[in-house]
Amino acid sequence: MKSPWSTRYSMNMQDYTGYAIGKLLALIEDPEIISLAGGLPSPRMFLQSELVEETQRCFSDRLERVMQYSTIRGEKDLIEAVIAFLRRDGIRVAPENVMITTSAQQGLDLAGRLFLDPGDAVVLERPTFGGAIAAFQMQRPEFLGVELTDDGLDIDRLETLLKRRDGAQSLPKFIYVVPDFQNPSGVTMGLDRRRALLDLAERFDVPVVEDSPYRTLRYRGADIPSLFALDQQRSGEHVIGIYTFSKLFCPGMRVGFTIGPPEVIERMTRIKEGGTLCTPKYNQDMCTAFLTRMDLDGYFARCREYYGAKMETLLEALTEQFPPHRGISWTRPEGGMFLWVSLPRTVDTRQFFHEALAFRVAFVPGEAFYAERHEHHHMRVNFSFPSRKQLGEAIRRLSDCLSARPSGEA
Ligand SMILES: Cc1ncc(COP(=O)(O)O)c(C=O)c1O
(Lines give C-alpha, C1' and ligand atoms only; values in the text may rest on other atoms or scores of the structure.)
Protein backbone atom coordinates (compact mmCIF):
# COMPACT_ATOMS: atom_id res chain seq x y z
CA MET A 1 0.00 0.00 0.00
CA LYS A 2 1.46 3.38 -1.01
CA SER A 3 -0.74 5.56 1.13
CA PRO A 4 -1.51 4.88 4.79
CA TRP A 5 -4.62 2.91 5.66
CA SER A 6 -6.01 5.91 7.53
CA THR A 7 -6.52 7.78 4.24
CA ARG A 8 -9.01 5.10 3.22
CA TYR A 9 -11.18 5.07 6.30
CA SER A 10 -14.76 6.29 5.96
CA MET A 11 -15.51 9.74 7.36
CA ASN A 12 -17.25 8.08 10.29
CA MET A 13 -14.18 6.10 11.23
CA GLN A 14 -11.53 8.82 10.83
CA ASP A 15 -11.68 9.96 14.43
CA TYR A 16 -13.48 6.98 15.95
CA THR A 17 -11.63 5.75 18.99
CA GLY A 18 -13.93 2.92 20.09
CA TYR A 19 -16.03 2.14 23.09
CA ALA A 20 -14.47 3.87 26.12
CA ILE A 21 -15.44 1.24 28.71
CA GLY A 22 -13.86 -1.61 26.74
CA LYS A 23 -10.51 0.17 26.84
CA LEU A 24 -10.74 0.79 30.57
CA LEU A 25 -11.60 -2.83 31.32
CA ALA A 26 -8.46 -3.88 29.45
CA LEU A 27 -6.39 -1.93 32.04
CA ILE A 28 -7.75 -4.02 34.91
CA GLU A 29 -5.59 -7.09 34.53
CA ASP A 30 -4.20 -7.47 38.05
CA PRO A 31 -6.25 -10.18 39.82
CA GLU A 32 -5.68 -8.32 43.10
CA ILE A 33 -7.85 -5.47 41.80
CA ILE A 34 -11.47 -5.64 42.90
CA SER A 35 -13.37 -4.49 39.86
CA LEU A 36 -16.62 -2.62 40.28
CA ALA A 37 -16.23 -1.63 36.65
CA GLY A 38 -17.84 -4.38 34.57
CA GLY A 39 -21.51 -5.09 34.06
CA LEU A 40 -21.32 -8.85 34.34
CA PRO A 41 -23.91 -11.12 35.88
CA SER A 42 -22.49 -13.44 38.50
CA PRO A 43 -21.54 -16.91 37.17
CA ARG A 44 -23.00 -18.21 40.45
CA MET A 45 -26.41 -17.45 39.01
CA PHE A 46 -25.77 -19.22 35.69
CA LEU A 47 -28.05 -22.19 35.03
CA GLN A 48 -25.09 -24.35 34.09
CA SER A 49 -26.38 -27.90 34.49
CA GLU A 50 -29.65 -26.91 32.79
CA LEU A 51 -27.69 -25.53 29.85
CA VAL A 52 -25.61 -28.72 29.57
CA GLU A 53 -28.76 -30.85 29.61
CA GLU A 54 -30.50 -28.71 26.98
CA THR A 55 -27.37 -28.69 24.82
CA GLN A 56 -27.22 -32.48 24.89
CA ARG A 57 -30.89 -32.69 23.98
CA CYS A 58 -30.45 -30.15 21.20
CA PHE A 59 -27.40 -31.89 19.71
CA SER A 60 -28.99 -35.33 19.76
CA ASP A 61 -32.37 -34.13 18.41
CA ARG A 62 -31.36 -31.63 15.73
CA LEU A 63 -27.62 -31.31 15.25
CA GLU A 64 -27.96 -30.76 11.49
CA ARG A 65 -30.36 -27.91 12.01
CA VAL A 66 -28.28 -26.11 14.62
CA MET A 67 -25.28 -26.35 12.28
CA GLN A 68 -27.32 -24.59 9.59
CA TYR A 69 -28.25 -20.90 9.02
CA SER A 70 -31.26 -19.66 10.96
CA THR A 71 -33.92 -17.28 9.62
CA ILE A 72 -33.16 -13.55 9.68
CA ARG A 73 -36.17 -12.60 11.79
CA GLY A 74 -35.43 -15.39 14.26
CA GLU A 75 -36.57 -18.91 15.15
CA LYS A 76 -40.34 -19.29 15.26
CA ASP A 77 -40.22 -21.20 18.56
CA LEU A 78 -38.22 -18.46 20.23
CA ILE A 79 -40.53 -15.74 18.93
CA GLU A 80 -43.50 -17.68 20.36
CA ALA A 81 -41.69 -18.11 23.69
CA VAL A 82 -40.87 -14.39 23.79
CA ILE A 83 -44.52 -13.52 23.13
CA ALA A 84 -45.59 -15.71 26.09
CA PHE A 85 -42.83 -14.24 28.28
CA LEU A 86 -43.91 -10.68 27.48
CA ARG A 87 -47.51 -11.54 28.31
CA ARG A 88 -46.33 -12.09 31.91
CA ASP A 89 -45.30 -8.44 31.85
CA GLY A 90 -48.60 -7.11 30.49
CA ILE A 91 -47.42 -6.83 26.88
CA ARG A 92 -49.46 -8.35 24.06
CA VAL A 93 -47.63 -8.77 20.79
CA ALA A 94 -47.97 -10.96 17.69
CA PRO A 95 -45.10 -12.60 15.78
CA GLU A 96 -44.98 -9.69 13.32
CA ASN A 97 -44.16 -7.34 16.25
CA VAL A 98 -41.05 -9.32 17.25
CA MET A 99 -37.58 -9.89 15.87
CA ILE A 100 -34.72 -11.79 17.44
CA THR A 101 -31.48 -9.82 17.58
CA THR A 102 -27.90 -10.74 18.27
CA SER A 103 -28.37 -9.19 21.69
CA ALA A 104 -29.56 -5.75 22.78
CA GLN A 105 -26.52 -4.08 21.31
CA GLN A 106 -27.75 -5.10 17.86
CA GLY A 107 -31.22 -3.76 18.70
CA LEU A 108 -29.63 -0.39 19.49
CA ASP A 109 -27.58 -0.46 16.31
CA LEU A 110 -30.67 -1.27 14.24
CA ALA A 111 -32.65 1.56 15.85
CA GLY A 112 -29.84 4.01 15.07
CA ARG A 113 -29.48 2.84 11.50
CA LEU A 114 -33.20 2.82 10.85
CA PHE A 115 -34.00 6.29 12.15
CA LEU A 116 -30.91 8.48 12.15
CA ASP A 117 -29.30 10.42 9.33
CA PRO A 118 -26.21 12.52 10.02
CA GLY A 119 -27.24 15.60 12.01
CA ASP A 120 -30.59 14.17 13.14
CA ALA A 121 -31.33 14.77 16.78
CA VAL A 122 -31.81 12.01 19.34
CA VAL A 123 -32.70 12.51 23.02
CA LEU A 124 -30.67 10.62 25.63
CA GLU A 125 -30.77 10.60 29.39
CA ARG A 126 -27.85 12.32 31.16
CA PRO A 127 -26.11 10.01 32.05
CA THR A 128 -27.02 7.17 29.69
CA PHE A 129 -25.79 3.73 28.66
CA GLY A 130 -22.40 4.14 26.94
CA GLY A 131 -23.12 1.31 24.50
CA ALA A 132 -26.12 3.22 23.15
CA ILE A 133 -23.94 6.27 22.56
CA ALA A 134 -21.45 4.03 20.74
CA ALA A 135 -24.20 2.48 18.59
CA PHE A 136 -25.98 5.71 17.66
CA GLN A 137 -22.72 7.60 17.12
CA MET A 138 -22.22 5.62 13.93
CA GLN A 139 -24.96 7.74 12.30
CA ARG A 140 -23.35 11.03 13.44
CA PRO A 141 -26.50 12.38 15.09
CA GLU A 142 -26.89 15.42 17.29
CA PHE A 143 -27.20 14.19 20.88
CA LEU A 144 -29.62 16.09 23.08
CA GLY A 145 -29.08 15.18 26.72
CA VAL A 146 -31.87 15.56 29.26
CA GLU A 147 -31.05 15.36 32.97
CA LEU A 148 -31.94 12.32 34.99
CA THR A 149 -33.44 12.91 38.43
CA ASP A 150 -34.02 10.42 41.27
CA ASP A 151 -37.35 9.61 39.61
CA GLY A 152 -36.04 9.21 36.05
CA LEU A 153 -35.88 11.51 33.05
CA ASP A 154 -36.64 15.16 33.87
CA ILE A 155 -39.90 15.50 31.99
CA ASP A 156 -40.17 19.29 32.38
CA ARG A 157 -36.79 19.76 30.76
CA LEU A 158 -37.76 17.33 28.01
CA GLU A 159 -40.95 19.29 27.37
CA THR A 160 -39.02 22.57 27.20
CA LEU A 161 -36.57 20.99 24.76
CA LEU A 162 -39.30 19.57 22.53
CA LYS A 163 -41.19 22.88 22.50
CA ARG A 164 -38.01 24.71 21.57
CA ARG A 165 -37.22 22.32 18.73
CA ASP A 166 -40.78 22.13 17.44
CA GLY A 167 -41.05 24.30 14.35
CA ALA A 168 -37.75 26.18 14.78
CA GLN A 169 -35.53 23.12 14.39
CA SER A 170 -36.43 19.56 13.60
CA LEU A 171 -37.75 17.42 16.42
CA PRO A 172 -35.63 14.52 17.64
CA LYS A 173 -36.07 11.28 15.73
CA PHE A 174 -36.54 9.37 18.96
CA ILE A 175 -36.11 9.49 22.73
CA TYR A 176 -33.86 6.75 24.12
CA VAL A 177 -34.50 5.71 27.72
CA VAL A 178 -33.56 2.90 30.10
CA PRO A 179 -36.49 3.19 32.52
CA ASP A 180 -35.76 0.23 34.80
CA PHE A 181 -32.70 0.33 37.10
CA GLN A 182 -30.84 2.33 34.51
CA ASN A 183 -27.29 1.62 33.46
CA PRO A 184 -25.28 3.51 34.73
CA SER A 185 -27.30 5.21 37.50
CA GLY A 186 -29.60 2.46 38.83
CA VAL A 187 -32.44 5.01 38.70
CA THR A 188 -35.98 3.87 37.85
CA MET A 189 -38.52 6.03 36.05
CA GLY A 190 -41.63 6.46 38.21
CA LEU A 191 -45.11 5.65 36.92
CA ASP A 192 -46.20 9.29 36.60
CA ARG A 193 -43.03 10.09 34.67
CA ARG A 194 -43.70 7.17 32.34
CA ARG A 195 -47.19 8.44 31.64
CA ALA A 196 -45.92 11.99 31.16
CA LEU A 197 -43.22 10.76 28.77
CA LEU A 198 -45.85 8.96 26.68
CA ASP A 199 -47.99 12.12 26.71
CA LEU A 200 -45.06 14.06 25.25
CA ALA A 201 -44.28 11.30 22.74
CA GLU A 202 -47.88 11.47 21.55
CA ARG A 203 -48.14 15.27 21.59
CA PHE A 204 -44.90 15.88 19.68
CA ASP A 205 -45.15 12.68 17.66
CA VAL A 206 -41.69 11.45 18.68
CA PRO A 207 -41.21 7.71 19.31
CA VAL A 208 -39.57 6.30 22.41
CA VAL A 209 -36.92 3.58 22.31
CA GLU A 210 -37.22 1.70 25.61
CA ASP A 211 -34.17 -0.40 26.48
CA SER A 212 -34.87 -2.67 29.40
CA PRO A 213 -32.32 -5.38 30.16
CA TYR A 214 -32.77 -5.33 33.94
CA ARG A 215 -36.56 -5.43 34.36
CA THR A 216 -36.69 -8.81 36.09
CA LEU A 217 -34.04 -7.78 38.62
CA ARG A 218 -36.15 -5.81 41.12
CA TYR A 219 -35.06 -6.10 44.78
CA ARG A 220 -37.18 -3.41 46.44
CA GLY A 221 -40.46 -1.62 45.78
CA ALA A 222 -43.40 -2.49 43.56
CA ASP A 223 -43.27 -3.33 39.86
CA ILE A 224 -44.00 -0.49 37.45
CA PRO A 225 -45.43 -1.28 34.01
CA SER A 226 -43.05 -0.88 31.11
CA LEU A 227 -43.47 2.03 28.72
CA PHE A 228 -44.40 -0.47 26.02
CA ALA A 229 -47.22 -1.92 28.16
CA LEU A 230 -48.47 1.54 29.15
CA ASP A 231 -48.41 2.68 25.54
CA GLN A 232 -50.44 -0.36 24.54
CA GLN A 233 -53.10 0.64 27.07
CA ARG A 234 -53.38 3.96 25.22
CA SER A 235 -53.23 4.47 21.49
CA GLY A 236 -50.10 2.32 21.08
CA GLU A 237 -47.26 2.34 18.53
CA HIS A 238 -45.14 5.07 20.17
CA VAL A 239 -42.64 2.69 21.75
CA ILE A 240 -40.01 0.32 20.41
CA GLY A 241 -38.82 -2.13 23.06
CA ILE A 242 -35.26 -3.47 23.12
CA TYR A 243 -34.64 -6.54 25.26
CA THR A 244 -31.85 -9.02 25.85
CA PHE A 245 -31.22 -12.41 27.38
CA SER A 246 -27.83 -11.12 28.61
CA LYS A 247 -28.92 -10.24 32.14
CA LEU A 248 -31.98 -12.49 32.06
CA PHE A 249 -30.16 -15.74 31.23
CA CYS A 250 -26.51 -15.24 30.22
CA PRO A 251 -24.61 -12.74 28.07
CA GLY A 252 -22.57 -15.41 26.26
CA MET A 253 -25.60 -16.36 24.19
CA ARG A 254 -25.71 -12.91 22.56
CA VAL A 255 -29.45 -13.17 21.99
CA GLY A 256 -32.04 -10.46 22.45
CA PHE A 257 -35.29 -9.31 20.92
CA THR A 258 -36.82 -6.09 19.72
CA ILE A 259 -40.55 -5.40 19.65
CA GLY A 260 -42.45 -2.72 17.80
CA PRO A 261 -44.87 -1.94 15.00
CA PRO A 262 -44.69 -4.59 12.23
CA GLU A 263 -43.43 -2.06 9.69
CA VAL A 264 -40.51 -1.08 11.92
CA ILE A 265 -39.66 -4.70 12.70
CA GLU A 266 -39.76 -5.55 9.00
CA ARG A 267 -37.33 -2.73 8.17
CA MET A 268 -35.01 -3.66 11.01
CA THR A 269 -35.02 -7.25 9.79
CA ARG A 270 -33.80 -6.05 6.39
CA ILE A 271 -30.95 -4.13 8.03
CA LYS A 272 -30.03 -7.15 10.15
CA GLU A 273 -29.71 -9.14 6.92
CA GLY A 274 -26.82 -6.93 5.83
CA GLY A 275 -25.20 -7.06 9.24
CA THR A 276 -25.18 -10.42 10.94
CA LEU A 277 -27.62 -12.19 8.58
CA CYS A 278 -28.97 -14.32 11.39
CA THR A 279 -28.56 -15.09 15.07
CA PRO A 280 -27.06 -18.58 15.67
CA LYS A 281 -29.78 -21.20 15.99
CA TYR A 282 -28.11 -23.05 18.88
CA ASN A 283 -28.05 -19.85 20.93
CA GLN A 284 -31.68 -19.13 20.07
CA ASP A 285 -32.69 -22.68 20.97
CA MET A 286 -31.03 -22.38 24.36
CA CYS A 287 -32.95 -19.16 25.01
CA THR A 288 -36.17 -20.92 23.97
CA ALA A 289 -35.35 -23.71 26.41
CA PHE A 290 -34.65 -21.12 29.10
CA LEU A 291 -38.07 -19.53 28.63
CA THR A 292 -40.08 -22.71 28.17
CA ARG A 293 -38.33 -25.53 30.02
CA MET A 294 -36.48 -24.00 32.96
CA ASP A 295 -37.97 -22.90 36.26
CA LEU A 296 -38.17 -19.18 35.50
CA ASP A 297 -39.93 -18.09 38.67
CA GLY A 298 -37.54 -20.01 40.92
CA TYR A 299 -34.56 -18.65 39.00
CA PHE A 300 -35.73 -15.03 39.08
CA ALA A 301 -36.45 -15.33 42.81
CA ARG A 302 -32.90 -16.65 43.41
CA CYS A 303 -31.39 -13.84 41.33
CA ARG A 304 -33.40 -11.22 43.19
CA GLU A 305 -32.31 -12.56 46.56
CA TYR A 306 -28.66 -12.95 45.59
CA TYR A 307 -28.19 -9.62 43.82
CA GLY A 308 -30.46 -7.79 46.26
CA ALA A 309 -28.26 -8.86 49.18
CA LYS A 310 -25.19 -7.60 47.32
CA MET A 311 -26.83 -4.25 46.69
CA GLU A 312 -27.67 -3.90 50.40
CA THR A 313 -24.06 -4.74 51.32
CA LEU A 314 -22.79 -2.08 48.96
CA LEU A 315 -25.24 0.54 50.27
CA GLU A 316 -24.24 -0.26 53.86
CA ALA A 317 -20.54 0.02 53.01
CA LEU A 318 -21.09 3.39 51.33
CA THR A 319 -23.04 4.70 54.34
CA GLU A 320 -20.32 3.52 56.68
CA GLN A 321 -17.36 4.87 54.71
CA PHE A 322 -18.85 8.10 53.47
CA PRO A 323 -20.63 10.03 56.21
CA PRO A 324 -22.36 13.22 54.97
CA HIS A 325 -19.42 15.55 55.71
CA ARG A 326 -17.34 13.86 53.00
CA GLY A 327 -19.62 15.35 50.35
CA ILE A 328 -20.24 12.12 48.46
CA SER A 329 -23.67 11.03 47.33
CA TRP A 330 -25.02 7.95 45.58
CA THR A 331 -28.23 6.61 44.12
CA ARG A 332 -30.33 4.03 45.94
CA PRO A 333 -31.56 1.71 43.21
CA GLU A 334 -34.49 -0.67 43.52
CA GLY A 335 -32.86 -3.28 41.28
CA GLY A 336 -30.42 -3.89 38.47
CA MET A 337 -26.64 -4.09 38.72
CA PHE A 338 -25.30 -0.56 39.21
CA LEU A 339 -25.35 2.51 41.30
CA TRP A 340 -23.96 5.96 40.62
CA VAL A 341 -21.62 7.70 42.99
CA SER A 342 -21.05 11.46 42.80
CA LEU A 343 -17.83 12.78 44.32
CA PRO A 344 -17.08 16.43 45.09
CA ARG A 345 -16.78 18.36 41.80
CA THR A 346 -13.06 18.88 42.40
CA VAL A 347 -12.40 15.13 41.97
CA ASP A 348 -11.98 14.21 38.32
CA THR A 349 -12.81 10.50 38.19
CA ARG A 350 -10.72 10.02 35.02
CA GLN A 351 -7.66 10.80 37.15
CA PHE A 352 -9.09 9.17 40.27
CA PHE A 353 -9.56 5.92 38.29
CA HIS A 354 -5.76 5.57 37.97
CA GLU A 355 -5.20 6.48 41.62
CA ALA A 356 -7.76 3.85 42.63
CA LEU A 357 -5.96 1.18 40.58
CA ALA A 358 -2.97 1.71 42.88
CA PHE A 359 -5.33 0.89 45.77
CA ARG A 360 -6.44 -2.19 43.80
CA VAL A 361 -9.99 -1.14 43.13
CA ALA A 362 -11.63 -0.13 39.83
CA PHE A 363 -14.84 1.54 38.66
CA VAL A 364 -15.98 3.25 35.46
CA PRO A 365 -15.43 7.03 35.37
CA GLY A 366 -18.77 8.72 34.75
CA GLU A 367 -17.55 10.51 31.63
CA ALA A 368 -18.24 7.38 29.54
CA PHE A 369 -21.98 7.86 30.05
CA TYR A 370 -22.37 11.32 28.55
CA ALA A 371 -22.71 12.00 24.85
CA GLU A 372 -22.40 15.77 25.35
CA ARG A 373 -21.65 18.20 28.19
CA HIS A 374 -19.56 15.54 29.93
CA GLU A 375 -19.42 15.52 33.71
CA HIS A 376 -16.28 14.28 35.41
CA HIS A 377 -16.99 13.79 39.10
CA HIS A 378 -19.18 10.67 38.97
CA MET A 379 -18.47 6.99 38.80
CA ARG A 380 -20.46 3.86 37.98
CA VAL A 381 -20.24 1.07 40.50
CA ASN A 382 -21.29 -2.49 39.71
CA PHE A 383 -22.44 -4.83 42.45
CA SER A 384 -23.57 -7.96 40.60
CA PHE A 385 -20.16 -9.53 39.98
CA PRO A 386 -17.97 -8.98 43.07
CA SER A 387 -18.70 -11.01 46.20
CA ARG A 388 -20.26 -9.26 49.20
CA LYS A 389 -16.91 -9.41 50.99
CA GLN A 390 -15.20 -7.82 47.99
CA LEU A 391 -17.83 -5.09 47.82
CA GLY A 392 -17.16 -4.04 51.43
CA GLU A 393 -13.41 -4.17 50.85
CA ALA A 394 -13.66 -2.24 47.55
CA ILE A 395 -15.50 0.65 49.20
CA ARG A 396 -12.93 0.71 52.02
CA ARG A 397 -10.16 0.95 49.40
CA LEU A 398 -11.99 3.75 47.57
CA SER A 399 -12.37 5.61 50.83
CA ASP A 400 -8.65 5.20 51.65
CA CYS A 401 -7.72 6.31 48.16
CA LEU A 402 -9.83 9.48 48.46
CA SER A 403 -8.32 10.26 51.87
CA ALA A 404 -4.83 9.85 50.44
CA ARG A 405 -5.35 12.51 47.75
CA PRO A 406 -2.86 15.36 48.11
CA SER A 407 -5.67 17.90 48.47
CA GLY A 408 -7.20 15.68 51.17
CA GLU A 409 -10.53 15.78 49.35
CA ALA A 410 -13.43 13.82 50.68
C1 LIG B 1 -28.98 -0.55 29.12
C2 LIG B 1 -28.27 -1.58 28.33
N3 LIG B 1 -28.64 -1.79 27.06
C4 LIG B 1 -28.03 -2.71 26.30
C5 LIG B 1 -27.00 -3.47 26.80
C6 LIG B 1 -26.32 -4.44 25.89
O7 LIG B 1 -26.72 -5.72 26.18
P8 LIG B 1 -26.30 -6.99 25.35
O9 LIG B 1 -25.28 -7.69 26.15
O10 LIG B 1 -27.53 -7.76 25.24
O11 LIG B 1 -25.81 -6.55 24.01
C12 LIG B 1 -26.59 -3.31 28.12
C13 LIG B 1 -25.47 -4.09 28.64
O14 LIG B 1 -24.92 -3.85 29.67
C15 LIG B 1 -27.25 -2.34 28.90
O16 LIG B 1 -26.92 -2.11 30.18
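Residues numbered from 1 in each chain as written. Predicted model: local features only at pLDDT ≥ 70, side-chain atom pairs only at ≥ 80, totals over all residues.

Asker: Even after reading the chapter, I still don't get the overall build of the chain, so can you show me in this structure?
Answerer: Across its full length, the chain holds 14 helices and 14 strands. For the chain, the proportion of its 410 residues judged to be buried stands at 46%. The long-range share in the chain, meaning contacts at least 24 apart out of those at least 6 apart in sequence, stands at 76%. (Helix = DSSP H or I, 4+ residues; strand = E, 2+ residues; numbered from the N terminus. Buried ≥ 20, exposed ≤ 12 C-beta atoms within 10 Å, placed from the backbone. Contact = placed C-beta atoms within 7 Å.)

Asker: Which parts of the structure should I look at to understand the site of the ligand?
Answerer: Neighbouring residues of the ligand: 14 residues in total, closest Ser103, Ala104, Gln105, Asn183 and Thr244. In terms of residue count, helix H5 (residues 103–115) provides more of the shell around the ligand than any other element does, three residues in total. Partitioning the shell around the ligand into residue classes produces five nonpolar, eight polar and one charged. (Near = placed C-beta within 6 Å. Nonpolar A, V, L, I, M, F, W, Y, C, P; charged D, E, K, R; others polar.)

Asker: Could you clarify how one ought to interpret the nonpolar core in this entry?
Answerer: In globular proteins that are soluble, nonpolar side chains generally tend to be buried together. Ranked by internal contacts, the top residues of the largest apolar core, which has 108 residues, are Tyr176, Val208 and Phe363. The residue makeup of this core includes at least three contributed by each of domain 1 (7–46 + 298–403) and domain 2 (49–293). Ignoring sequence-local partners within four residues, the contact set of phenylalanine 363 consists of Leu36, Ala37, Phe353, Ala356, Met379, Arg380 and Val381. (Core = buried A, V, L, I, M, F, W, Y, C linked by C-beta atoms within 7 Å. Domains from an automatic or database assignment.)

Asker: For this particular structure, what's the right way to read the sheet that holds strand S14 (residues 378–382)?
Answerer: Backbone hydrogen bonds are what pair the strands of a sheet, in a parallel or an antiparallel way. Read across the open sheet, the four strands follow the order S10-S11-S14-S13; overall the sheet is antiparallel. The two strands at the open ends of the sheet, each matched to only one other strand, are strand S10 (329–330) and strand S13 (364–365). Bridge count between S13 and S14: two bridges; the pairing is antiparallel. Note that in S14 the partner of valine 364 across the bridge is arginine 380. (Pairing = 2+ DSSP bridges.)

Asker: Hey, could you run me through the packing of helix H7 (residues 155–165) against helix H8 (residues 191–204) in this one?
Answerer: The axes of two packed helices give the description: the angle between them and the distance between them. In contact at an axis separation of 10 Å, H7 and H8 are set at 5 degrees when each is read in the N-to-C sense. Classified by the angle their axes make, H7 and H8 are roughly parallel. Residues Ile155, Leu158, Glu159 and Leu162 of H7 form the contact with H8, whose own contacting residues are Arg193, Ala196, Leu197, Leu200 and Phe204. The class makeup of the residues in the contact of H7 with H8 is seven nonpolar, no polar and two charged. (Axes fitted to C-alpha atoms, helices over the stretch in contact; angles between N-to-C directions. Parallel < 35°, antiparallel > 145°, perpendicular 65-115°, else oblique.)

Asker: Sorry if this is basic, but what is going on with the pairing of strand S6 (residues 174–177) here?
Answerer: Consecutive side chains of a regular strand alternate in pointing toward one face of the sheet and then the other. Burial of the side chains of S6 extends over both faces: Phe174 and Tyr176 are buried on one face and Ile175 and Val177 on the other. Bridge count between strand S3 (residues 121–126) and S6: three bridges; the pairing is parallel. Each bridged residue has a counterpart across the sheet, and for valine 122 the counterpart in S6 is phenylalanine 174. Sheet topology places S6 next to strand S7 (residues 208–211); three bridges connect them, and they run parallel.

Asker: Honestly, the sheet that holds strand S8 (residues 239–244) in this entry has me stumped. Any pointers?
Answerer: Spatial ordering of the open sheet is given by S2-S9-S8-S7-S6-S3-S4-S5, a layout of eight strands whose pairing is mixed. Looking at strand neighbours, the two that pair on one side only are strand S2 (98–101) and strand S5 (152–153), the edges of this open sheet. Its contacts with the sheet put H7 on S3, strand S4 (142–149) and S5, and the angle it makes with S4 is roughly 155 degrees. In the packing of helix H10 (residues 262–275) onto the sheet, the strands contacted are S2, S8 and strand S9 (256–259), and the crossing angle to S2 comes to about 30 degrees.

Asker: Explain the domain arrangement of the chain to me, please; I cannot follow it from the model alone.
Answerer: A common way to report how large an interface is uses the accessible area buried once the components associate. Once the domains are mapped, the chain shows domain 1 (7–46 + 298–403) and domain 2 (49–293). Distance between the C-alpha centres of domain 1 and domain 2: 24 Å. Every contact between the two is made by 30 residues of domain 1 and, on the other side, 30 residues of domain 2. Within the residue set of the side of domain 1 that touches domain 2, elements represented by two or more residues are helix H2 (20–27), helix H12 (296–321) and strand S11 (338–342). Element by element, the count of residues in the side of domain 1 that touches domain 2 is highest for H12, at six residues. Of the residues in the side of domain 1 that touches domain 2, the class split is 18 nonpolar, seven polar and five charged.

Asker: I would appreciate a short explanation of the packing of helix H4 (residues 76–87) against helix H11 (residues 281–293) in the present structure.
Answerer: One can describe the packing of H4 onto H11 by two numbers: an axis separation of 9 Å at closest approach and a directional angle of 35 degrees. Seen from above, H4 lies across H11 with left-handed handedness. When H4 is examined against H11, the residues Asp77, Leu78, Ala81 and Phe85 are found in contact with a partner set consisting of Gln284, Cys287, Thr288, Leu291 and Thr292. Across the contact of H4 with H11, the residue classes break down as five nonpolar, three polar and one charged. (Left-handed = near helix turned anticlockwise from the far one by under 90°.)

Asker: Just to check I follow, could you spell out the environment of cysteine 303 for this structure?
Answerer: Tracing the backbone through its elements, the reader meets cysteine 303 in helix H12. As for cysteine 303 and arginine 44, which are separated by 259 residues in sequence, their C-alpha atoms are 9.5 Å apart. Those residues in contact with cysteine 303 that lie beyond four places of it in its chain are Met45 and Leu217.

Asker: What am I meant to see in H8 here?
Answerer: Residues spaced three or four apart along an α-helix face the same direction, because each turn holds 3.6 residues. Taking 1.5 Å of rise per residue, the 14 residues of H8 would be expected to cover 20 Å, and the 20 Å separating its terminal C-alpha atoms lies within 8% of that figure. Taken together, the buried positions of H8 are occupied by Arg193, Arg194, Leu197, Leu200 and Ala201. What you see down the axis of H8 is that its buried residues fit within an arc of 125 degrees, all on one side. Turned more than 90 degrees away from the buried face of H8, the exposed residues are Asp192 and Arg203. Here the buried face of H8 lies against S5, H7, S6, S7 and helix H9 (227–233). Immediately downstream of H8, the backbone of aspartate 205 shows phi near 60 degrees, a positive value. (Expected span 1.5 Å × (residues − 1). Arc of directions from axis to C-beta.)

Asker: Would you take a moment to explain unusual backbone geometry for this structure?
Answerer: Negative phi values dominate among residues other than glycine, just as trans dominates among peptide bonds. Omega for the bond connecting arginine 126 with proline 127 falls within 30 degrees of zero, at 5 degrees, which places this linkage in the cis form. By the element assignment, proline 127 lies in the loop between S3 and helix H6 (130–137). With an omega of 20 degrees, the peptide bond running from asparagine 183 to proline 184 counts as cis. Positive phi, close to 55 degrees, is recorded for arginine 140, a residue that is not glycine. As for its position among the elements, arginine 140 is in the loop between H6 and S4. The residue glutamate 237 is not glycine, and still its phi comes out positive at about 70 degrees.

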